[in-house]
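Structural overview
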2 protein chains.
Amino acid sequence: MSATSERRERDRAHRHRLIITAARELAEAEGWDAVTTRRLAERVEYSQPVLYSHFDGKDAIVGAVALDGFGELATHLRDARQGAAEPGSALRAVCGAYLDFATARPALYQAMFTLPTDLKFASADTPPPLRACFDEFVACYRADNERRELHAEVVWSALHGMAVLSASGRIPPSWREERLDFLDARLADTPA
Amino acid sequence: MSATSERRERDRAHRHRLIITAARELAEAEGWDAVTTRRLAERVEYSQPVLYSHFDGKDAIVGAVALDGFGELATHLRDARQGAAEPGSALRAVCGAYLDFATARPALYQAMFTLPTDLKFASADTPPPLRACFDEFVACYRADNERRELHAEVVWSALHGMAVLSASGRIPPSWREERLDFLDARLADTPA
DNA sequence: GAACCCAGTATAGCGGTGCTAGACATCCTG
DNA sequence: CAGGATGTCTAGCACCGCTATACTGGGTTC
């Protein structure tokens, strides 16, 4: 029983990932409106009910894509922070990387922040990748800064606001760099 | 022909508003998912096609509700700014009023910022109420500040980010005041 | 005053949605 | 090799946004 059931479980996990990546590719190619359960099923070459044996519903699929996105965003931010020439420029680098991510993968960003998902953010069971993203902002402040978490929250809020307001054309995309410089100048850690 | 047709036009305008307020009330009571064209038609006691004689589609109805929201937000922000004891506390008052509005009317705020609408924000034809909201932030900075518009954009972005991130439970709602104080302290106009 | 006309309304229906019950096949187990 | 569990598909439900078509009742004209 073990060998075959193990293989089945592998196949199942493989198909699980297949559904997630197919949903993401379809969304990035044609937008989330095009991601219907029928089209998704057709794309993975299974019938609709199979999707429901892997996920509780469409929202859960979107949530799985979003979770992937948080994982990628976390590494993206970490790379930017660690690649900064000096500690003082870490925040600026992370902020730029954040907006890059949001504009480069709009569909993914949409799944992470504006689409209805099954992701729970209630309390201690925050998904680790989401926490990892937040921690990248926190890490831009000195450890002895008692309010570094609060600062990180505000920075993240500002970046998210800039991302969605510029994506919907409510603020002009032209002065992106100036906004980022301003944000960095005003919200960065005060040097010791 | 004039008297009756004028009355008809009045009736029509009245019904136009009836649809908008019905959509808004339904959304605020049961969320936007519950606002379907059928339920909305039933609520205004007309049949579905009547909605389409007033609006291009559901998105346009949401857009009309959103436009109402921007008008209300503008006056709300103006009241807060003008009610500030001294010019130096205007920004703080406006920011507080903004978050109050977002948390007090979540469905309305959703229509204004996250739902798909027909509102055009492309270029010069920005809807006046939206421009009025933005101008309230600008007015919190001195007129000789050359970058007051840029500052206003960043403040608005931060507030919007705080509104949606706390509404979705990604940042804790507890430290709201501290975040606002921090935002005001760092982003306010530098005194002359 | 009667015939006409037309704006405005409702009925009924189209193609699509997310989701699921039941029939069916396929493979492991005893 | 039969029995049973596992897994998949077909078919369909209730609902969605939206619209073509039929109808009706008031205003206009002869």
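Rules used throughout
Residues numbered from 1 in each chain as written. Chains lettered and ligands numbered in written order. Predicted model: local features only at pLDDT ≥ 70, side-chain atom pairs only at ≥ 80, totals over all residues. Heavy atoms only, no water. UniProt positions renumbered as here; feature names shortened; annotations may be inferred. Helix = DSSP H or I, 4+ residues; strand = E, 2+ residues; numbered from the N terminus. Contact = heavy atoms within 4.5 Å. Buried area = accessible area lost by both parts, 1.4 Å probe. Salt bridge = Lys/Arg side-chain N within 4 Å of Asp/Glu carboxyl O. Domains from an automatic or database assignment. Polar contact = N/O pair within 3.5 Å; in protein donor to acceptor, adjacent residues only side chain to side chain. Nonpolar A, V, L, I, M, F, W, Y, C, P; charged D, E, K, R; others polar. Least-squares fit on C-alpha atoms with pLDDT ≥ 70 in both. Buried < 20%, exposed > 50% of the residue type's maximum accessible area, 1.4 Å probe, protein only. Phe/Tyr/Trp six-rings, centres within 6.5 Å; stacked < 30°, edge-to-face > 60°. Patch = residues over 30% accessible without salt bridge, like charges linked within 9 Å, V, L, I, M, F, W, Y side chains within 5 Å. Areas by Shrake-Rupley, 256 points an atom, 1.4 Å probe, with all protein chains shown as cover. Lys, Arg positive; Asp, Glu negative; His and termini not counted. Charge placed at Lys NZ, Arg CZ, Asp CG, Glu CD.

So, about the UniProt feature "DNA-binding region" (unreviewed entry) in chain A. Taken from the UniProt record, the annotation "DNA-binding region" (unreviewed entry) applies to residues 36-55 of chain A. The straight-line gap between the two end C-alpha atoms of residues 36-55 of chain A is 14 Å; of that span, 75% is helix and 0% is strand.

Each partner contributes to the interface: chain B provides 32 residues, whereas chain A provides 32 residues. Roughly 3000 Å² of surface becomes buried between chain B and chain A when both sides are summed, with 68% attributable to carbon and sulfur atoms. Sorting the residues of chain B by area buried against chain A places Arg170, Phe182 and Arg186 of chain B first, and these three jointly supply 25% of that buried surface. Counting across the chain B and chain A interface gives two salt bridges. For the salt bridge of Glu153 of chain A with Arg179 of chain B, the shortest nitrogen-to-oxygen distance reads 2.5 Å.

Moving on to the domain arrangement of chain A. Residue and element names in this part refer to chain A. Here chain A is described as being made up of domain 1 (1-54) and domain 2 (58-192). Put simply, the middle of domain 1 and the middle of domain 2, counted by C-alpha atoms, are 29 Å apart. Contacts between the two partners involve eleven residues from domain 1, matched on the other side by 13 residues from domain 2. In total, about 1000 Å² of surface goes out of reach between domain 1 and domain 2, with carbon and sulfur atoms giving 67% of it. Summed over the three residues of domain 1 that lose the most area to domain 2, namely Ile20, Arg24 and Trp32, the buried surface amounts to 60% of that side. For the pair domain 1 and domain 2, the number of links is two salt bridges. A salt bridge links Glu72 to Arg24; its shortest N-O distance comes to 2.6 Å. Inspection of the domain 1/domain 2 interface yields four residue pairs in polar contact (both at pLDDT 80 or more). Per-element accounting of the side of domain 1 that touches domain 2 gives the leading share, seven residues, to helix 1 (residues 2-30). For the side of domain 1 that touches domain 2, a count of residues per class yields eight nonpolar, no polar and three charged.

The next subject is the relation of the copies chain B and chain A. Each of the two chain copies can be generated from the other by rotation about an axis followed by a shift along it. Once turned by 179 degrees and shifted 0.0 Å along the axis, chain B lies on chain A with an RMSD of 0.1 Å. The operation mapping one copy onto its partner corresponds to a two-fold rotation axis. Closest to the rotation axis within chain B is the C-alpha of Ala158 of chain B, separated from it by 1.7 Å. In this assembly, 100% of the residues forming the interface of chain B have copies in chain A that are likewise at the interface, indicating an isologous arrangement.

Scanning all chains against the criterion turns up 32 salt bridges over all chains. For Glu25 of chain B, the salt bridge goes to Arg43 of chain B, with nearest N and O atoms at 3.4 Å. Here the residue Glu25 of chain B occupies a position in helix 1 (residues 2-30), and Arg43 of chain B occupies one in helix 2 (residues 37-44), the gap between them amounting to 18 residues. We classify Glu25 of chain B as partly exposed; its relative accessible area is 44%. Relative accessible area serves as the criterion here: at 40%, Arg43 of chain B is assigned to the partly exposed category. Beyond isolated ion pairs, a larger network of salt bridges with shared partners links Arg92, Asp100, Arg176, Glu177 and Asp181 of chain A.

A word on the UniProt feature "domain: HTH tetR-type" (unreviewed entry) in chain A. According to UniProt, the positions carrying the feature "domain: HTH tetR-type" (unreviewed entry) are residues 13-73 of chain A. As a span, residues 13-73 of chain A carries 80% helix and 0% strand, and end to end its C-alpha atoms are 23 Å apart.

With that settled, the discussion passes to the packing of aromatic side chains. Inspection of the entire model under this criterion finds 14 aromatic pairs over all chains. For the ring pair Tyr109 of chain A and Phe113 of chain A, a centre distance of 4.6 Å and an interplane angle of 35 degrees mean the geometry is tilted. Placement of both Tyr109 of chain A and Phe113 of chain A in helix 6 (residues 106-113) is noted, with a separation of four residues, approximately one turn of the helix. The burial state of Tyr109 of chain A is the same as that of Phe113 of chain A; both residues are buried. Geometrically, the ring pair formed by Tyr98 of chain B and Phe137 of chain B is tilted, given 5.8 Å between the ring centres and 55 degrees between the ring planes. Taken as a pair, Tyr98 of chain B in helix 5 (residues 90-104) and Phe137 of chain B in helix 7 (residues 128-138) lie far apart in primary sequence, 39 residues in all. As far as the burial class goes, Tyr98 of chain B and Phe137 of chain B line up, both buried. Here the aromatic residues Phe70, Tyr98, Tyr109, Phe113, Phe134, Phe137 and Trp156 of chain A are joined through ring pairs into a cluster of three or more.

Examined against the element boundaries, Pro49 of chain B turns out to sit in helix 3 (residues 48-54). Sequence separation of Pro49 of chain B and Thr37 of chain B is twelve residues, and the distance between their C-alpha atoms is 9.1 Å.

A cluster of acidic residues, Asp56, Asp59 and Asp118 of chain A together with Asp33 of chain B, forms a negative patch on the protein surface. You can see Asp118 of chain A is positioned in the loop between helix 6 and helix 7 (128-138). Exposure remark for Asp118 of chain A: the relative accessible area of 35% places this residue in the partly exposed category.

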